[in-house]
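# Observations on chain architecture
These are the residues of each chain, in order.
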Amino acid sequence: MTQTYPPVRGTLTENRPLNDLTWLRVGGPADVLFQPADVDDLAGFLQELDASIAVFPMGVGSNLIVRDGGIRAVVIRMGRGFNHIDIDGTRVTAGVAALDAHVARKAAAQGLDLTFLRTIPGAIGGAVRMNAGCYGSYVADVFVSAKAVTRAGEVVTLMADDLNFRYRQTDLPEGWVLVEASFEAPRGDAGALAARMDDQIAKRDATQPTKERSAGSTFRNPAGFSSTGQADDRHDLKAWKVIDDAGLRGFSIGGAQMSEKHPNFMINTGGATAADLEKLGEEVRKRVFKSSGLTLEWEIMRIGEPDAEK
């Protein structure tokens with residue numbers, strides 16, 4: 001029996017391959033890809049959608065492995081109706097599809113310091129969901145509130161206590177879809193903020209494989225916090241260091257490789273499957289545990305079904 005879906009003003013595409021929508025360029029199809037026109041379109045769809053059908057909100061795919069068998073769910077991907085950036089005084093409000101880098105730059109131009117977002121790959125929805133951070137600053141530090149649509153189609157406001165921010169984690173309920181977030185940004189000099197971001201980009205490009213197909217950091221730091229960028233930053237409990245100490249810089253399986261440039265970055269060297277990437281990550285976890293006694297936790301989200309043919 002063919003599944004029918006509620007009418008929408010956006011776009012519904014059945015059996016939509018997702019490999020071109022992830023930074024690693026791997027993954028099978030979603031049962032359905034829904035690109036809502038706006039919040040009302042999303043809310044109406046979720047309210048009418050059969051409650052037994054799973055939904056998965058997807059950002060720009062910067063921190064995601066979609067397995068080769070695809071996703072048995074409605075994948076919801078936000079586009080132009082969700083990429084606004086509005087500034088009122090020191091309050092910055094952004095749609096979940098607004099890129100982190102764009103938010104940082106637009107805020108800086110107004111003398112507002114959200115510069116830590118400049119080098120974080122992805123969009124605001126993922127940044128809130130994962131409490132993204134670097135240089136010792138996190139989304140939780142500037143977060144005011146967020147709007148979300150529940151699985152039942154109700155639009156709700158979430159405060160920090162509702163999300164329970166932790167290192168690379170929040171408690172967003174299953175099936176809820178973030179649509180907007182507001183931040184209170186410290187004031188700063190626009191020129192100095194721009195210069196700081198230029199310096200951050202230069203450092204990132206010098207140390208990370210930014211021209212390769214990657215998904216940012218593969219594993220969370222065992223220390224439980226991001227790199228601070230300060231001179232006294234400790235590296236003994238950084239994921240890249242324990243991977244390097246285990247002799248895994250450049251280690252590869254199939255077309256998947258731990259970067260020579262930064263060993264906590266997993267890259268698709270060309271032709272990697274999602275299975276290659278996940279197998280590589282699990283082998284790294286096993287060897288790091290054997291080497292250091294530390295259990296690395298994935299930072300990249302992995303979702304979907306393994307390829308039934310494998």
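Use the structure listed above.
Definitions and limits used
- Residues numbered from 1 in each chain as written.
- Predicted model: local features only at pLDDT ≥ 70, side-chain atom pairs only at ≥ 80, totals over all residues.
- Heavy atoms only, no water.
- Helix = DSSP H or I, 4+ residues; strand = E, 2+ residues; numbered from the N terminus.
- Rg over C-alpha atoms; globule rule 2.2 N^0.38 Å.
- Buried < 20%, exposed > 50% of the residue type's maximum accessible area, 1.4 Å probe, protein only.
- Contact = heavy atoms within 4.5 Å.
- Areas by Shrake-Rupley, 256 points an atom, 1.4 Å probe, with all protein chains shown as cover.
- Lys, Arg positive; Asp, Glu negative; His and termini not counted.
- Charge placed at Lys NZ, Arg CZ, Asp CG, Glu CD.
- Pairing = 2+ DSSP bridges.
- Axes fitted to C-alpha atoms, helices over the stretch in contact; angles between N-to-C directions.
- Expected span 1.5 Å × (residues − 1).
- Salt bridge = Lys/Arg side-chain N within 4 Å of Asp/Glu carboxyl O.
- Core = buried A, V, L, I, M, F, W, Y, C linked by side-chain atoms within 4.5 Å.
- Phe/Tyr/Trp six-rings, centres within 6.5 Å; stacked < 30°, edge-to-face > 60°.
- Arc of directions from axis to C-beta.
- Parallel < 35°, antiparallel > 145°, perpendicular 65-115°, else oblique.
- Nonpolar A, V, L, I, M, F, W, Y, C, P; charged D, E, K, R; others polar.

### A word on the overall build of the protein chain
- Check the secondary structure of the protein chain and you find 8 helices and 17 strands.
- Expected size for 310 residues packed as a compact globule is a radius of gyration near 19 Å; at 20 Å, the protein chain falls within 12% of this value.
- Oriented by its inertia axes, the alpha-carbon framework of the protein chain measures out at about 55 × 55 × 30 Å.
- Across the 310 residues that make up the protein chain, the buried fraction comes to 49%.
- Restricting to contacts in the protein chain with at least 6 residues of sequence separation, those with at least 24 account for 63%.
- If you sum the accessible surface of the protein chain, you get close to 14,300 Å²; carbon and sulfur atoms cover 47% of it.
- Positive and negative side-chain charges in the protein chain, numbering 35 and 41 respectively, have mean positions lying 5 Å apart.

### Some details on the sheet that holds strand 12 (residues 177-184)
- Taken in spatial order, the 5 strands of this open sheet run 6-7-12-10-11, and their pairing is antiparallel. A strand with exactly one partner marks an edge of an open sheet, and here the two such strands are strand 6 (85-88) and strand 11 (155-158). Averaged over all pairs of adjacent strands, the angle between strand axes in this sheet comes to 15°, irrespective of strand direction.
- Pairing analysis gives 5 bridges linking strand 7 (residues 91-95) to strand 12, with the strands arranged antiparallel.

### A look at helix 8 (residues 274-292)
- Given a rise of 1.5 Å per residue, 19 residues ought to cover 27 Å, and the 27 Å separating the end C-alpha atoms of helix 8 matches this to within 8%.
- All buried positions along helix 8 are accounted for by Ala274, Asp276, Leu277, Glu278, Leu280, Gly281, Glu283, Val284 and Val288.
- Where helix 8 is buried, its residues meet strand 4 (64-66), helix 7 (239-245), strand 14 (252-253), strand 15 (256-258), strand 16 (265-268) and strand 17 (301-303).
- Positive phi appears at Gly293, one or two residues downstream of helix 8, with a value of about 80°.

### Focus on the sheet that holds strand 2 (residues 29-35)
- As summarised here, the arrangement of the 4 strands in space is 1-2-5-3, forming an open sheet in which the pairing is mixed. Across the chains shown, the open sheet's two edge strands, defined by having one partner strand only, are strand 1 (11-17) and strand 3 (55-58). Across the sheet, the axes of successive neighbouring strands diverge by a mean angle of 30°, strand direction being ignored.
- Where strand 3 and strand 5 (residues 71-77) come together, 4 bridges link them in parallel fashion. Following the sheet pairing, Pro57 is matched in strand 5 by Ile76.

### Some points on the pattern of salt bridges
- For the structure on display, the rule yields 17 salt bridges.
- Among the ionic pairs, Arg166 bridges to Asp171, the shortest N-O distance being 3.1 Å.
- Through salt bridges with shared partners, a single network forms among Arg67, Glu278 and Arg302.

### A short note on the nonpolar core
- Membership of the largest hydrophobic core comes to 52 residues, with the highest contact counts inside it found for Val128 and Val139.
- In terms of residues, this core owes the most to one element, strand 12, which gives 5 residues.
- When residues no more than four places from it in sequence are discounted, the contact partners of Val139 are Phe116, Leu117, Ala127, Val128, Asn131, Ala132, Phe165 and Phe183.
- Counting 23 residues, the second-largest nonpolar core is a separate cluster that includes Leu24, Ala239, Met266 and Leu296.

### With respect to the packing of aromatic side chains
- In this structure the tally under the stated criterion is 3 aromatic pairs.
- Taking 4.3 Å as the distance between ring centres and 40° as the angle between the ring planes, the aromatic pair formed by Phe34 and Phe45 counts as tilted. With Phe34 in strand 2 and Phe45 in helix 1 (residues 39-48), this residue pair connects regions lying 11 residues apart in the sequence.
- Phe34 sits in the buried class, given a relative accessible area of 0%.
- Relative accessible area serves as the criterion here: at 1%, Phe45 is assigned to the buried category.
- Aromatic pair Phe143 and Phe165: ring centres 4.9 Å apart, planes at 65°, arrangement edge-to-face. On the criterion of sequence distance, the pair formed by Phe143 in strand 10 (residues 143-149) and Phe165 in the loop between helix 5 (160-163) and strand 12 is long-range, its members being 22 residues apart. Like Phe143, the residue Phe165 is buried in the burial classification.

### Some details on helix 2 (residues 100-109)
- Looking at helix 2, one finds that the buried residues are Asp100, Ala101, Val103, Ala104, Ala107 and Ala108. Projected down its long axis, helix 2 carries its buried residues within an arc of 165°, all on one side.
- For helix 2, the secondary structure elements touched by its buried residues are strand 6, strand 7, helix 3 (124-129) and helix 6 (190-207).

### Digging into the packing of helix 2 against helix 6
- Two elements in contact, helix 2 and helix 6, have axes whose closest approach is 8 Å; the angle formed by their N-to-C orientations is 155°. Compared by their axis directions, helix 2 and helix 6 come out roughly antiparallel. On the side of helix 2, the interface is formed by Ala104, Arg105, Ala108 and Ala109, while helix 6 contributes Ala190, Leu193 and Met197.
- Within the contact of helix 2 with helix 6, the residues separate by chemical class into 6 nonpolar, no polar and 1 charged.

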